[in-house]
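# Examination of the molecular architecture
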Amino acid sequence: RLSMSHGAGSAEGSGPAGAIAAPVSASTATSIGGFQPDLMPSASDSAMMGGITSPFPMMNISPTLSGPSTSMADAAAAVASAAAAPVAAAATSATSPPIHLDSLQLDSDLILSGEDGYGGPTQQPSGQPTVINDLLVAAALEAAQAAETAGTEISHPPNQQETTGAGAAGAVTEHFNDLRGVDHKLEGHAVGHLDPIPLEQMYLPEDSLGSTRTTTASLEDSQETSLSSHSHAHGHIHSHGQGQRLHHDVVSSAVETALLSVQMYRSSVECTAGFDANFLGRTLYDLFIEVFGDEKYDQTAHTSHRGGGISSGGGQDNDIVAEPAKRERRNTDSYQSLAMLGCPVVLSNLIGCLMNQSPSEVFYSSSNEVENDLRDVLLNRNWENEASEVGGGQLCFDENQIFGRDDEVSILFSAYDRVVRERRESHSFLAISGYSGTGKTSLVKQLGSRFLADNVSLIRCNFTAQGQSMSVLFQAFDDYCRVISGRDRNLFDGVRRDVKEALGLQSGILLRCLPNLRSLLGESVDSPTMTAETKEEEMNRVLFYFIKFVEAISSPEHPIVVVFDDIQWCDESCLDLVRLILRNTEITSALFIGCYRDENVINDDPFGKLFGELNMEASLPMSSIRLTNLSTEGVNEFVSSALRLNKRFTRPLAQVLHRKTQGNPMFVRHLLLSLTGDGLLNFSVVDRRWQWNIEAISAKSIANSSVSLMVGMMKTHQQSDQDALRLAALLGTKFKLEILERLFVLYQYGSTSEFPSSIERAISGGIIIIDSCGSLRFSHDQLFQAARALTPSQEQPRAHLDIGRRLLKSIDGALNSLSPGFLTTIVDQYNAGISLITDHEEELALAELNLLAGEAALASASYLQAAIYLLRGCSLVCEDDWNSHYNTCLRLFTFSGEAQITQGMAEGAVTALTTVLEHGRSFDDKLPAHQALLTAYTIKGDHSEAIDHGLLVLKELGEDFPLGADARQAASKADLIEICGVLKSKPFDDIVSQSTIENDPTKILAMQVLMVVSRIAYNKDPKLMLLLVYRMVSRTMSSGLTSEASFAFAALSFALCGLGKYELSSFCARIASALLQKFEQKYSHIVLLLLNCSILPYSQPQQACAQQLYTGYEDGMSVGAVEWALVNLSRNLQGSLFAPGPNSTLADYLKRVVKANETMVSFKHELFVLYNKFLHQAIENLSSNDETSDPFLSLTYDEDALSQYALQAQMHVKRKSLTFRIWFGCLFGKYDGMKDMIDELQAIAARNPFAPSFDTHNDYFYIGLVAFAMLRNDAADKEYWKSVASIVTEKFDEWVDIGSDWNFMSKRQMILAERAYCGNDVEIAKSAYEEAIAKANQTGFIHEEALACELAGKFYCERGEMSDGRYFLEKAVETYARWGANRKAIHVKSALRSYHSP
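Quick caveat: nothing in here was measured; it's all calculated off a predicted structure.

Here we come to the overall build of the protein chain. Counting secondary structure elements, the protein chain contains 61 helices and 16 strands. Looking at the protein chain residue by residue over its 1398 residues, the buried ones come to 59%. Put simply, the protein chain shows about 53500 Å² of open surface, and 49% of that area lies on carbon and sulfur atoms.

Here is the structure:
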């Protein structure tokens, strides 16, 4: 409710109601409703601020509830004007009839009741202040007083007795008491004065308001946002001005009323007399002085009343005092400071500008500008935060508010809404770029208010230039596990359920990098059921399950927002993981935001490359925001908020600051702080507002960068604070409080008791913040750079070394008890000063420290950081140290080689591992290096070296192999004969029930090395691969079982199938499957691949084989065997194309291909993408609706492009190209060059007979159809085509006899039908076509059903049986279309048109 005091008796009496009720003429406004135009504030109340005189100092006001709406204010204005109109007219008319108070009756819907106990018939919504009642009373009282002065008669309603002695104002108040329906009357208010709201109610504690305030958390704590309630002391504004919260309804209502007054002033005065800033200022001053109280002139009016109604506070004496006080104020130019009475400084300043405006200083040129500024006060509500900030003389930096970024915020919210609220995108990436200090982090913080309502969890990764990116990323998601445990129980239970389901029995794998996962999953964290073979596979397995974890925690029920802050510092290893996450289409309801600095990104650096890739990623919705420096107006908004002054007043200062900073927000902020330190920007305790010297600021020489400016500011801090900041910066952007405190004491910068004060000042100053896991970090990189600059760059290496030495000495040798964070701090400090170490003993000690740090990094899955530590350690030892510190050197170089392999650093790995082989004292010591070298050579692409090294190791293990190709071939034949003989003689149960080798590590190791070398030899030397596999099987049969035996029998089955020994192949497949079960699915990703690409398609539906290949892909990824997993995936795609289900479409299949290619690219296996290139292109060509398109488009290979790959890879690519060209030649009747393509395909197959069997089946099938078509077309090489047709027919007869009808019968029947067609065996052809159609339909081979219909239709049409022929062709069109082969459907339609009915 607004309380107002309005004059009586004097023509000078005025106020807002006077302006409202006054007639239009300027003379009337002056005599009845206005001030004398020559009245000005007294000099004693004036204060210079930046060359602008203002008597209105600052006051702090805190937020409470929201104010009234604009529509409510508009309604108030309309009602008040309507109600006052008859009274005003009477006051200005010499012949007007008596005023009837009934004319003041209001519509009951508009009579609102406030919180002050009026209790009218229509209750006001909770929290809304009364506007209409008080405006109406004020207007009516003012007009009634004027009418009484003019001698106009006041007529009472019939039900109201005339109030004697009260005059016109008494009649009006009595009437309104009746309207309000309250017992507590307004009697005694002869001049219509309404008591102000008791001042303690302006500072009501929140519990008395019956509400609580929602605290909007910062970005870091948004997921922990809670509702909090604070109780505040209350009391008289004059004695308890600071630290109290002004009930914001009062301020809001006052501003709303001021807006009404300005509007009325515009319509009643300005429109005729022009704009008078002084007049309007004094009008508004009267309004606000009555709201906040006039201590000097109206002290008796401040009687406090809590609860209902209005108290007279002593009858009419108070009201009699008010109007003379107003007259005295105007006559003496003595105005009480509004800010000192509790009025927000922004309002006090606004009114002061109006009252002090002169021709030389023009702030406002119209009431419209005043209205805009008042609305801006309501909109921005800066006054709500004044109490704790301005009251203490502090600049008011709102960390959650940004300025001049409306368009950018709109893009941010739009990206968020598309993923989280509208769910139009499963996940997306928003890139936010800008130079340092432009407010990228502040922009993202704008989302904080939405998180709680949308159940969103924030995950923030703050990367730094100091590296350890993978640790940063894992730490961010580990914090999520901790925080989510404290969220809403339903949310927590949902996340726990989804994570358990996603990780299955392998959840323990992630405990290394997400230790808080245990708190999320409880005691149900499982140990991994499968182990990785190498460090590379171990790393891949961690990444695979980490991505599974990200998939699980993001869903529509619990979305996530992941912020990669300063992603330009992210190292290549971590960027690879980010790439995998962003490309994963299984992740839903996730918004990823990457903030980076333009100046630190170039196209050929890791992030530049990733960003370029993401821009071209069709499956990843992406948007971007580029933050530039603020405009002058944006800087003014920032300064206005910081100083809590209106923008019109701060604009000159903002223009100077913009000129000096180019509008960089961080620079502006610290320049303001610098100016306070220099005394050019001062807080006046007397006037309670900021003052500045604009000329001095303009002339001041400013540092040319924000960092330089901050360095200067930090040097003004007391010495202990500088020392703490300097040490903190030497520790890095992020550090532990206990380490910094230890250093503070070690350097004797002060006592332990002084240290907290220095840190507290750094935190309160915004230099250092506490992150979610309790560590400290610099709030911005520029602050870190400034603090680091406190130590001259040339002295920094020595400072780092000294810190490392002191910390190491302080632990007194207790290295094993150190936390990983403390250990790495010591090592990092030592390494930063490593160039200054001259004593070799100290170098050896540091080498051991790097070894410990490297092992800790490996344990936490930070492989790149491990490689860095271990490489550093290796560089510190010399050859002689292998004698004196053998164990340290052995571990350093072995682990270094393994860690480098995980990062693809093959050259460095080979160097480290060969050093181990040179200095190792035993074969057991060398063995890990031997095994790792096989992987390193393979990564290098040096398969010959890998094979030679593997054979060398096998020789030491007692397995010798012939060296020459001829000798190997002879040995292979002999071993094959021997193995086949043993297999035929030994029952299945005897083989699989053999004892397991457990106590002979040499035999186990030999089997492991044999397996690794045979896998490498498959691509380089298939004959050697056979010899190695035979040796593995022979060892198993003679010595017993190992887990590698399942691989041995699966590989033998694969080889025997390629050699045409199908029965023995099937027997070995049974053994391999049994052993796979026996050894708990170890090597399932290899065994499933070998069996489903060889013998199983002869006995199982091809669709089932394709599904098992996908299982092999998942099993391979789960143990980190990425390359084997991707081979499974590639074979799955190829097998699925020619074995679709009955409802499968090419469109669905194409999506799978695209997704698989994205996975392969993400894992940097572009060779597999090359393998799938022709498959992808063939499907796009086949799906095209363009009848003019070339179905053979891009199905050929580039010989030059292939030359960069190994010979075996080249052969594989060429075979894929030939397969699809022959298939499409068969489909579209394009037979040119077909003979050459078939010959080339046969030559490639002869060099490696171990191609996937389903590839072989389809190649033979389409080659056979081409051969019969060529025979019907009287091709020149008729004998050649007869031979080809005969071979194909014999093959399918053989395969049907030994295998399943499922995969072969429809193909065989089409071959038989085409052969009968060529031989003019009509009935056999008809029967075979129909059987082929029926079988293809039964098995779900929709592509073969369509092809059989097409061939049958052409057969009938060529024989003149047009009706049957057209039937089958139409069915072919329908089936091709159902499959999605639109281009082929168009082709058959064209053929259909060429046949005419008889």
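So, on to the sheet that holds strand S10 (residues 590–596). Ordered in space as S8-S9-S10-S7-S11, the five strands form an open sheet in which the pairing is parallel. What marks the edges here is a single partner per strand, and that holds for strand S8 (457–462) and strand S11 (622–627). Sheet twist, expressed as the average angle between the axes of neighbouring strands with direction ignored, equals 15°. Pairing between strand S9 (residues 560–565) and S10: five bridges, direction parallel. Across the sheet, the residue bridging to Ile560 is Ala590, located in S10. Packing against the sheet, helix H21 (residues 572–583) makes contact with strand S7 (427–434), S9 and S10, and its axis sits at approximately 135° to S7.

Looking now at helix H33 (residues 820–832). Taking 1.5 Å of rise per residue, 13 residues should cover 18 Å, and H33 covers 18 Å from first to last C-alpha, within 8% of that figure. Along H33, the positions that sit buried rather than exposed are Phe822, Leu823, Thr824, Thr825, Ile826, Val827, Gln829, Tyr830 and Asn831. Buried residues in H33 make contact with helix H28 (719–731), helix H29 (737–746), helix H32 (796–810), helix H34 (840–859) and helix H35 (863–875).

A few words now on the packing of aromatic side chains. Taken as a whole and assessed by the stated rule, the structure comprises 42 aromatic pairs. With centroids separated by 5.4 Å and ring planes inclined at 45°, the aromatic side chains of Tyr1329 and Phe1355 adopt a geometry described as tilted. With Tyr1329 in helix H58 (residues 1322–1339) and Phe1355 in helix H59 (residues 1342–1358), this pair connects stretches of sequence that are 26 residues apart. On the basis of relative accessibility, which here comes to 1%, the residue Tyr1329 falls in the buried class. Taking the ring centre of Tyr886 as reference, the NZ or CZ of Arg921 above it sits at 3.9 Å.

Moving on, we come to the sheet that holds strand S15 (residues 768–770). The three strands lie next to each other as S14-S16-S15, forming an open sheet whose pairing is antiparallel. Two strands lie at the open edges of the sheet, namely strand S14 (734–735) and S15, each paired on one side alone. With two bridges joining them, S14 and strand S16 (residues 776–778) adopt antiparallel strand pairing. Along S16, the bridge assignment pairs Phe735 with Leu776.

The next point concerns the state of the cysteines. Summed over the entire model, instances satisfying the criterion amount to zero disulfides. Lacking any disulfide linkage, Cys461 is separated from the closest cysteine sulfur, that of Cys574, by 7.4 Å. According to the relative accessible area criterion, Cys461 is buried, its value standing at 0%.

A few words on the pattern of salt bridges. Using the criterion set out here, one finds 41 salt bridges in the structure. The residue Asp454 makes a salt bridge to Arg421 at a minimum N-O spacing of 2.8 Å. Of this pair, Asp454 sits in the loop between helix H16 (448–451) and S8 while Arg421 sits in helix H14 (residues 406–421); the two residues are 33 residues apart in sequence, bridging distant segments of the chain. On the accessibility criterion, Arg421 (42% relative accessible area) is partly exposed.

As a further point, take the nonpolar core. In a soluble, globular protein the nonpolar side chains are often hidden away together inside. Counting 306 residues, the largest nonpolar core has Leu473, Phe549 and Phe778 as the members making the most contacts within it. Leaving out residues up to four positions away in the same chain, Phe549 has contacts with Phe477, Tyr480, Cys481, Val499, Leu503, Leu510, Leu514, Leu517 and Leu520. Listed in part, the 67 residues of the second largest apolar core include Val346, Val377, Leu643 and Leu680.

This prediction gives the protein chain a mean pLDDT of 78; 76% of its residues lie at or above 70. Low confidence marks residues 1–136, where pLDDT is under 50. Its contacts with residues over four positions away, or in another chain, come to 382 contacts. Within the model, the stretch residues 179–246 combines pLDDT values under 50 with 184 contacts to residues more than four positions away or in other chains.

Okay, unusual backbone geometry next. The backbone phi angle of Glu1080 is positive, close to 55°, even though this residue is not glycine. Structurally, the position occupied by Glu1080 is in the loop between helix H46 (1062–1078) and helix H47 (1084–1092). Even without a glycine there, the phi angle at Asn1320 is positive, about 65°. Looking at where Asn1320 falls in the secondary structure, it is placed in the loop between helix H57 (1301–1318) and H58. Under the relative-accessibility criterion, Asn1320 is labelled exposed at 55%.

We now examine helix H43 (residues 1001–1020). Side chains that are three or four residues apart share a direction in an α-helix, a result of its 3.6 residues per turn. A rise of 1.5 Å per residue sets the reference length of H43, with its 20 residues, at 28 Å; its end C-alpha atoms lie 29 Å apart and thus fit the reference within 8%. Those residues of H43 that fall on the buried side of the exposure criterion are Leu1005, Ala1006, Met1007, Val1009, Leu1010, Met1011, Val1013, Ser1014, Ile1016 and Ala1017. Among the structural elements, helix H39 (923–940), helix H40 (943–956), helix H44 (1022–1039) and helix H45 (1045–1058) are those in contact with the buried residues of H43.

What follows covers the packing of helix H49 (residues 1122–1137) against helix H50 (residues 1146–1162). Running from N to C, H49 and H50 cross one another at 165°; their axes reach a closest spacing of 11 Å. By the angle between their axes, H49 is roughly antiparallel relative to H50. By crossing handedness, the relation of H49 to H50 is classed as left-handed. Residues Leu1126, Leu1129, Ser1130, Asn1132, Leu1133, Gln1134, Ser1136 and Leu1137 of H49 form the contact with H50, whose own contacting residues are Leu1146, Tyr1149, Arg1152, Val1153, Ala1156, Thr1159 and Met1160. Within the contact of H49 with H50, the residues separate by chemical class into nine nonpolar, five polar and one charged.

Another aspect to go through is the pairing of S10. Of all seven residues in S10, seven are buried, a share of seventy percent or more. Strand direction decides the pairing type here: S7 and S10, joined by seven bridges, are parallel. Within S10, the residue paired with Ile432 across the bridge is Cys595.

Counted residue by residue, S7 has eight buried out of eight residues, so it is predominantly covered. Here S7 shows a buried face lined by His427, Phe429, Ala431 and Ser433 and a second buried face lined by Ser428, Leu430, Ile432 and Gly434.

Time to look at the environment of Gln1102. Residue position: Gln1102 is located in helix H48 (residues 1102–1118). When the C-alpha atoms of Gln1102 and Pro1140 are compared, they prove to be 9.0 Å apart, with 38 residues separating the residues in sequence. Discounting residues that sit within four places of it in the chain, Gln1102 has contacts with Gly1135, Phe1138, Ala1139, Phe1254, Asn1258, Trp1302, Asn1303 and Phe1341.

Attention now moves to the packing of H58 against H59. Contact geometry of H58 with H59 gives a least axis separation of 8 Å together with a crossing angle of 160°. It follows that H58 is roughly antiparallel to H59 by the angle criterion. Between H58 and H59 lies a crossing of left-handed hand. Here Val1322, Ala1325, Lys1326, Tyr1329, Glu1330, Ala1332, Ile1333, Ala1336 and Asn1337 of H58 come into contact with H59, specifically with Glu1344, Glu1345, Ala1348, Cys1349, Leu1351, Ala1352, Phe1355 and Tyr1356. A class-by-class count of the residues in the contact of H58 with H59 yields twelve nonpolar, one polar and four charged.

The rules we used
Residues numbered from 1 in each chain as written. Predicted model: local features only at pLDDT ≥ 70, side-chain atom pairs only at ≥ 80, totals over all residues. Heavy atoms only, no water. Helix = DSSP H or I, 4+ residues; strand = E, 2+ residues; numbered from the N terminus. Buried < 20%, exposed > 50% of the residue type's maximum accessible area, 1.4 Å probe, protein only. Areas by Shrake-Rupley, 256 points an atom, 1.4 Å probe, with all protein chains shown as cover. Pairing = 2+ DSSP bridges. Axes fitted to C-alpha atoms, helices over the stretch in contact; angles between N-to-C directions. Contact = heavy atoms within 4.5 Å. Expected span 1.5 Å × (residues − 1). Phe/Tyr/Trp six-rings, centres within 6.5 Å; stacked < 30°, edge-to-face > 60°. Lys NZ or Arg CZ within 6 Å of the ring centre and 35° of its normal. Disulfide = S-S within 2.5 Å. Salt bridge = Lys/Arg side-chain N within 4 Å of Asp/Glu carboxyl O. Core = buried A, V, L, I, M, F, W, Y, C linked by side-chain atoms within 4.5 Å. pLDDT = per-residue confidence, 0-100. Parallel < 35°, antiparallel > 145°, perpendicular 65-115°, else oblique. Left-handed = near helix turned anticlockwise from the far one by under 90°. Nonpolar A, V, L, I, M, F, W, Y, C, P; charged D, E, K, R; others polar.

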